[in-house]
Each structure stands twice: as C-alpha cells, then as structure tokens.
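Geometric and topological summary
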Amino acid sequence: MFQIDSKGTLRPMGVEGTAYHSDGNEYCSASSTNSMNGAGCTYKALTDNTFFKNMPK
C-alpha cells in the first residue's frame, strides 16, 4: 500500500509518517498478531533485498 501525504507526495506504507509505521514492527512482522499486520510492509519490500526471501512459508 501507498499513502499520499499532506504535501501530495506518494509514500510507501511503513515509512515514518505514514498510517502504518511502527517502530516495533507492529504492522510488518511474522510474529505480529495485529489485524493490520502486513499493511506496513511496502517500505521494507522496496528497500530490503532479502525481504521476499525471508517471508514465512
């Protein structure tokens, strides 16, 4: 998911300042039980080269 901020910039969800950013990985973690888990993974998927290799199987 992406979010358009107040300045009109398209930002990947999970980056600081977006609705699903969490310092504790509440929205992007294999162990999170939050109902919105996964919603904040866009930023990690775009910046972490191992993100898709480390997804739960």
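This text follows the structure it describes.
The following refers to the structure shown. Since we're looking at a predicted model, the values are computed, not measured.

Description of the overall build of the chain
Helix and strand counts for the chain stand at 1 helix and 2 strands. Its helices and strands in sequence order give the chain the pattern β-β-α, from N to C terminus. Considered along the principal axes of its C-alpha atoms, the chain spans approximately 40 × 25 × 15 Å. Taking the 5 positively charged and 5 negatively charged side chains of the chain as two groups, their mean positions are separated by 9 Å.

A closer look at the layout of surface pockets
Size it by volume and the largest pocket reaches roughly 170 Å³. Around the largest pocket sit Cys28, Ser29, Ala30, Asn37, Gly38, Cys41, Lys44, Phe51, Asn54, Met55 and Pro56, which together line it. Classifying every residue of the lining of the largest pocket gives 6 nonpolar, 4 polar and 1 charged.

Here is what the cut-offs are and how they apply
In every chain, residue numbers begin from 1 and rise along the written sequence. Per-residue local features of the predicted model are confined to residues with pLDDT of at least 70, and side-chain atom pairs are confined, for both listing and counting, to 80 or more; whole-chain, interface and lining totals are unaffected and use all residues. Calculation of side-chain values draws on the structure's entire complement of heavy atoms; hydrogens and water are dropped beforehand. Every helix listed is a DSSP run of H or I at least four residues long, and every strand listed is a run of E at least two residues long, numbered separately from the N terminus. When charges are counted, Lys and Arg contribute as positive and Asp and Glu as negative, whereas His and the chain ends are disregarded. Lys charges are placed at NZ, Arg charges at CZ, Asp charges at CG and Glu charges at CD. Site definitions follow a grid-based scheme: protein atoms alone, a 1 Å grid, a 1.4 Å probe that fits but cannot get out for cavities, and for pockets an open set with protein on both sides within 12 Å along at least five of seven lines, plus lining residues having an atom within 4 Å of a point. Grid points are joined across faces, edges and corners, and a volume is the space filled by probe spheres set on the points. All residues other than Ala, Val, Leu, Ile, Met, Phe, Trp, Tyr, Cys, Pro, Asp, Glu, Lys and Arg, Gly among them, are scored as polar; the first ten of these are nonpolar and the last four charged.

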